[in-house]
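Understanding the architecture of this molecule
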Amino acid sequence: MISEFSTLRDDEIEVLLNAPVYVAILIAGADGEIDKKEIAQALDLAQGKQSREREQLIGYYKEVGTTFESKFFKLTEELSSSVEERNSSIISELRKLNHILPKIDHNFSVKLVASLKDMAKKVAGASGGVLGYMSVSYEEAKLVELDMIKDPSDY
């Protein structure tokens, strides 16, 4: 178990462990289609963050990484095919973090939200890149800052 989660209920831990999967699906599917490049980028990021992330988050991403791929594909099948309904469901799940993050180590919370935003930006740029050809769609750009998650550095 991740030491920062020792005071949390199981359902709260599950929300935290699912957050990267939801972020990846939200951004990849924002324009209506989750393409192969976005899937590959999401899977690569989940794998890479297990060793190339801020030290305090490595254990978290190792835990996330054990089920990321299977959860990603399971949730993409289970969530609505309607972009609006899917996004609404995912945003609702991500908003749960606003009640959980204040319960855990502040530094961990700040680093986690920054990491999730980094993931969102990289998934959004997977089909050409933010610095490449302005390929981030309008829909992705509206969501990439993950405004539904309150910035822990503000509290």
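Note that the coordinates shown come from a computational prediction; the quantities given were computed from them, not determined experimentally. (Residues numbered from 1 in each chain as written. Predicted model: local features only at pLDDT ≥ 70, side-chain atom pairs only at ≥ 80, totals over all residues. Heavy atoms only, no water.)

What follows is about the pattern of salt bridges. The tally for this structure, following the rule as stated, stands at 11 salt bridges. Measuring nitrogen to oxygen at the nearest pair gives 2.9 Å for the salt bridge that ties Asp 11 to Arg 9. With a relative accessible area of 44%, Asp 11 lands in the partly exposed category. On the accessibility criterion, Arg 9 (47% relative accessible area) is partly exposed. Each of the salt bridges in this network shares a partner with another, and the network as a whole consists of Lys 49, Glu 53, Arg 54, Asp 118 and Lys 122. (Salt bridge = Lys/Arg side-chain N within 4 Å of Asp/Glu carboxyl O. Buried < 20%, exposed > 50% of the residue type's maximum accessible area, 1.4 Å probe, protein only.)

Turning to the nonpolar core, a few remarks are in order. Looking at soluble globular proteins, one finds that nonpolar side chains tend to be buried together. Among the nonpolar cores identified, the biggest contains 49 residues, and Phe 5, Tyr 60 and Leu 94 are the most heavily contacted of them. Secondary structure elements with two or more residues in this core: α1 (10-28), α2 (36-48), α3 (58-65), α4 (68-78), α5 (83-95), α6 (97-100) and α7 (106-124). With 13 residues, α1 is the largest single contributor of residues to this core. In this view, Leu 94 contacts Ala 19, Tyr 22, Val 23, Leu 26, Met 148 and Ile 149; residues no more than four positions away in its chain are not counted. (Core = buried A, V, L, I, M, F, W, Y, C linked by side-chain atoms within 4.5 Å. Helix = DSSP H or I, 4+ residues; strand = E, 2+ residues; numbered from the N terminus. Contact = heavy atoms within 4.5 Å.)

What follows covers the side chain of Lys 49. Its location among the elements puts Lys 49 in the loop between α2 and α3. The class of Lys 49 is buried, set by a relative accessible area of 5%. A polar contact is formed between the side chain of Lys 49 and the side chain of Ser 115, at a distance of 3.1 Å. Setting aside chain neighbours within four positions, we find Lys 49 in contact with Ile 58, Tyr 61, Ser 115, Asp 118 and Met 119. (Polar contact = N/O pair within 3.5 Å; in protein donor to acceptor, adjacent residues only side chain to side chain.)

Below, the discussion takes up the packing of α2 against α7. Here α2 crosses α7 at 150°, and the two axes come no closer than 9 Å. On the basis of the axis angle, α2 is roughly antiparallel to α7. Crossing of α2 against α7: the hand is right-handed. On α7, the residues touching Glu 38, Gln 41, Ala 42, Leu 45 and Ala 46 of α2 are Met 119, Lys 122 and Val 123. Here the residues of the contact of α2 with α7 sort into 5 nonpolar, 1 polar and 2 charged. (Axes fitted to C-alpha atoms, helices over the stretch in contact; angles between N-to-C directions. Parallel < 35°, antiparallel > 145°, perpendicular 65-115°, else oblique. Left-handed = near helix turned anticlockwise from the far one by under 90°. Nonpolar A, V, L, I, M, F, W, Y, C, P; charged D, E, K, R; others polar.)

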